Amino acid sequence: MPDLADGVARFQQDVFPAKADLFARLAAQHTPHTLFIGCSDARVVPELITQGEPGELFVIRTAGNLVPAYTPGANGVTAGIEYAVSVLGVSDIVVCGHSACGAMTALAEGHDLTGAPTVAEWLRHADAAVARTAGLTAGPGKVGALVRQNVYAQLTNLTTHPCVARALAEKKVTLHGWVFDIATGRVEALDGTGTGTLPLAS
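Caption draft 1: Geometry of helix α4 (residues 76–87). Between its first and last C-alpha, α4 extends 15 Å over twelve residues, near the 16 Å set by a 1.5 Å rise per residue. Looking at the packing, one finds that the buried side of α4 touches β1 (34–39), β2 (57–62), β3 (92–98), α6 (117–122), α8 (140–158) and α9 (162–169). Where α4 begins, the capping side chain belongs to N75, and its oxygen is found 3.1 Å from the backbone nitrogen of V77. At the C-terminal side of α4, G89 shows a positive phi close to 70°.

Pasting the structure below:
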């Protein structure tokens, strides 16, 4: 906790003054251009990866970057998506998976999650991706394949949300699938067919 307090002090003394004009504008307006749905993993920081300024990304982070398919009723993920799309009017949505994802590793390697029943239930939102990689041998290759298939599965789940389906039909929003490699800093943009990757940066 002292490290966090020190960080706040440095922000207030060094960072904030340098961006005072930006924060003054942000105090009066909130117009992010992208909804970024990423993993809760502490190693995956959307603003750092994209080098975005405050106010540019509307961020939702969930374990395994999972997006439950739409069901009636309130939940935090659905509310965040709806707000970003219907109220803020974002033009792009990114679902970003990453290497060494704990959630995907647990599924790929069949970890015993009886001690974490809520986690086990949450990971059911990746069932489609698990099914697509069922024939692969356990190991890093399977984890990597599952990470990618999971991004595709969550993009599919996104389209079940009425606000997203409507925005897509009206060509007001574009969906993107990314995979971030922690060790290299490389980001891959997955193509729309589910069969290949397009490098964003080498």
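Caption draft 2: A look at the pattern of salt bridges. With the rule as written, the count across this model stands at six salt bridges. E188 is the partner of R186 in a salt bridge, and the nearest nitrogen-oxygen pair spans 2.6 Å. Among the residues examined, R186 registers a relative accessible area of 28% and is labelled partly exposed. The structure contains a network of salt bridges with shared partners spanning R148, R186 and E188.

Caption draft 3: Examining the side chain of T78 more closely. Relative to the elements of secondary structure, T78 occurs in helix α4. If near-sequence neighbours (up to four positions away) are discounted, T78 is found in contact with Y70 and H161.

Calculation criteria
- Each chain carries its own residue numbering, running from 1 in the written order of its sequence.
- Given that this is a predicted model, residues contribute local features only at a pLDDT of at least 70 and side-chain atom pairs are listed and counted only at 80 or more, while totals for whole chains, interfaces and linings are drawn from all residues.
- Only hydrogens and water are set aside when side-chain values are computed; all heavy atoms of the structure are taken into account.
- Numbering of helices and strands starts at the N terminus; helices are DSSP runs of H or I of at least 4 residues and strands are runs of E of at least 2.
- By this rule, a helix spans an expected 1.5 Å times one less than how many residues it contains.
- Contact definition: two residues touch when any of their heavy atoms are within 4.5 Å.
- Between N or O atoms, a polar contact is any pair within 3.5 Å; within protein, one atom must be a potential hydrogen donor and the other a potential acceptor, and residues adjacent in sequence are included only when both atoms are from side chains.
- When a carboxyl oxygen of Asp or Glu lies within 4 Å of a side-chain nitrogen of Lys or Arg, that pair is called a salt bridge.
- Working definition: with a 1.4 Å probe on protein chains only, accessible area under 20% of the residue-type maximum means buried, over 50% means exposed, and in between means partly exposed.

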